[in-house]
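What follows is the residue order along each chain.
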Amino acid sequence: MHGEHTDERSADSACVIDVDDLPDGLVVTDRDGHVLSVNRAATRLTGIAGDQAVGRHVRDVFSFRDHDGRDWWKWLDTYGGLSTRTRQPELPLRTPGGQEMHVAARLVRRPERGGEIVRVVITMRDAGARARIERSRADLVSTVAHELRSPLTSVKGFTATLLAKWTRFTDDQKLVMLETVNADADRVTRLITELLDVSRIESGRLEIHRQVVDIPARVQKIIDGRVAAGEPEGRFLLRVLGELPETWLDQDKIDQVLANLMENAVRHGRGTVTIVVEPNQWGVTVSVRDQGEGIPPELATRVFRQFWRGNARRRGGTGLGLFIVKGLIEAHGGSISVQRGPEGGAEFRFMVPTGTPDFA
Ligand SMILES: Nc1ncnc2c1ncn2[C@@H]1O[C@H](COP(=O)(O)OP(=O)(O)OP(=O)(O)O)[C@@H](O)[C@H]1O
Ligand SMILES: [Mg+2]
């Protein structure tokens, strides 16, 4: 223990702690609840500056309440309770503004054991972000369960029917049922692959293996694939503007991004799909635009969320595509946005920096 040492080392800056350096909010009050000091993080969290609060009662300034609306200060009861009580464990509370916060308190007694309370030290940290994550996780579980159940119900229904009444169906009927089962099984597999991507993105475990990637060549390859699968040639138009720098990217992931955006333009958009590749200050910009209805500006951030699919439910997507695309682009250090294209439809535009070889 250093105690009140005054040797040279403890006097230097390493040992001086400023409450404004703390990551958590800190409010100190006297035993009655009159505010003595407020640190910078508390001001940031609550929007209340120290000079607005000092001298006033904590209940009037911060007024934390629990989820049942009970006044936290009253509950803390600095005059009552056991004289050995020194702390109040962290609780999720709300400010009148509806902000969620985790608040804990320490009751400072003199003498330390069993003495009178002289000060109350309150710490707070933002719980909003954590609560939002927990809520979205609960939504995710129910959405995933639902998404998995419908194809599995169909698989189960058709196999059960075929097993029970095999001889009663013609070969053609059996073929149709088996094709449906096959497509539904593919759908389940795809959904699970996408969910694994989502979990890698969310936990930051997405690995990028860089190599030189020729973006226009990758676009052309996807176009060729789609044309070979029966789409009309004129549906896609690739334009390269200017001279592109050499880009070090993860080829599989860039393929996935391009394929997703082009698939969306076909499935949710209309007309010709134009892919423009051009250099920018620090890398390459790719725009994928179509001539469909586009995306209203107020939905421009929502389309990148998990499971958001507008009124496209009938078109059979899961709403994970753009969330994954955004995660893949950001893992490359790039960014993506959507706006109205020059011909009215949606224009998804992403930028990726040129990157460097993995071990450079
Ligand atoms: N080019 C586009 N034009 C109009 N709306 C679009 C376009 N691209 C995406 N959207 C809208 O954004 C929603 C989210 O797209 P996203 O790719 O994330 O999901 P999805 O295509 O529905 O399903 P998934 O890609 O997982 O199969 C779509 O459902 C659609 O409503
Ligand atoms: Mg999609």
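Residues numbered from 1 in each chain as written. Chains lettered and ligands numbered in written order. Predicted model: local features only at pLDDT ≥ 70, side-chain atom pairs only at ≥ 80, totals over all residues. Heavy atoms only, no water.

The UniProt record marks residues 19-64 with the feature "domain: PAS" (unreviewed entry), using the residue numbering of this structure. The span residues 19-64 is 33% helical and 22% strand by assignment, and the distance between its end C-alpha atoms comes to 21 Å. (UniProt positions renumbered as here; feature names shortened; annotations may be inferred. Helix = DSSP H or I, 4+ residues; strand = E, 2+ residues; numbered from the N terminus.)

Here the structure, examined in full by the defined rule, presents 19 salt bridges. Between aspartate 71 and arginine 59 there is a salt bridge whose closest N-O contact spans 2.8 Å. Highlighted residues: aspartate 71 in the loop between α4 (58-61) and α5 (72-76) and arginine 59 in helix α4, separated in sequence by 12 residues. Under the relative-accessibility criterion, aspartate 71 is labelled buried at 12%. Arginine 59 sits in the partly exposed class, given a relative accessible area of 35%. Two residues, arginine 70 and aspartate 68, come together in a salt bridge whose shortest N-O distance is 3.5 Å. Judged by its relative accessible area of 42%, arginine 70 is partly exposed. Residue classification places aspartate 68 among the exposed positions, given a relative accessible area of 63%. In this structure, a network of salt bridges that share partners links the residues Arg226, Glu231, Glu263 and Arg267. (Salt bridge = Lys/Arg side-chain N within 4 Å of Asp/Glu carboxyl O. Buried < 20%, exposed > 50% of the residue type's maximum accessible area, 1.4 Å probe, protein only.)

Running from N to C, helix α7 (residues 171-203) and helix α10 (residues 321-331) point in directions that differ by 40°, and their axes come no closer than 10 Å. Classed by the angle they form, the pair α7 and α10 counts as oblique. Crossing angle aside, the handedness with which α7 passes α10 is left-handed. Contact with α7, carried on its side by Glu194, Asp197, Val198, Ile201 and Glu202, involves Phe323, Ile324, Gly327 and Leu328 of α10 and no other residues of that element. Considering only residue class, the contact of α7 with α10 consists of five nonpolar, one polar and three charged. (Axes fitted to C-alpha atoms, helices over the stretch in contact; angles between N-to-C directions. Parallel < 35°, antiparallel > 145°, perpendicular 65-115°, else oblique. Left-handed = near helix turned anticlockwise from the far one by under 90°. Contact = heavy atoms within 4.5 Å. Nonpolar A, V, L, I, M, F, W, Y, C, P; charged D, E, K, R; others polar.)

It is worth spelling out the site of ligand 1 at this point. If you check the shell around ligand 1, you find 23 residues, and the closest are Asn264, His268, Asp290, Thr318 and Leu322. Between an oxygen atom of ligand 1 and a main-chain N or O atom of leucine 322, the distance comes to 2.8 Å. In the complex, the protein chains occlude 96% of the 590 Å² of accessible area that ligand 1 would expose alone. Broken down by secondary-structure element, the contributors of at least two residues to the shell around ligand 1 are α7, α9 (251-267), α10 and β12 (346-353). Take the shell around ligand 1: its biggest share by element is four residues, from α9. (Near = heavy atom within 4 Å. Polar contact = N/O pair within 3.5 Å; in protein donor to acceptor, adjacent residues only side chain to side chain. Areas by Shrake-Rupley, 256 points an atom, 1.4 Å probe, with all protein chains shown as cover.)

You can see arginine 226 is positioned in helix α8 (residues 215-228). Judged by relative accessible area, which is 16%, arginine 226 ranks as buried. Of the polar contacts made by the side chain of arginine 226, one reaches the side chain of glutamate 263; its length is 3.1 Å. Among all residues touching arginine 226, those that are not within four sequence positions of it are Glu231, Phe236, Met262, Glu263 and Val266.

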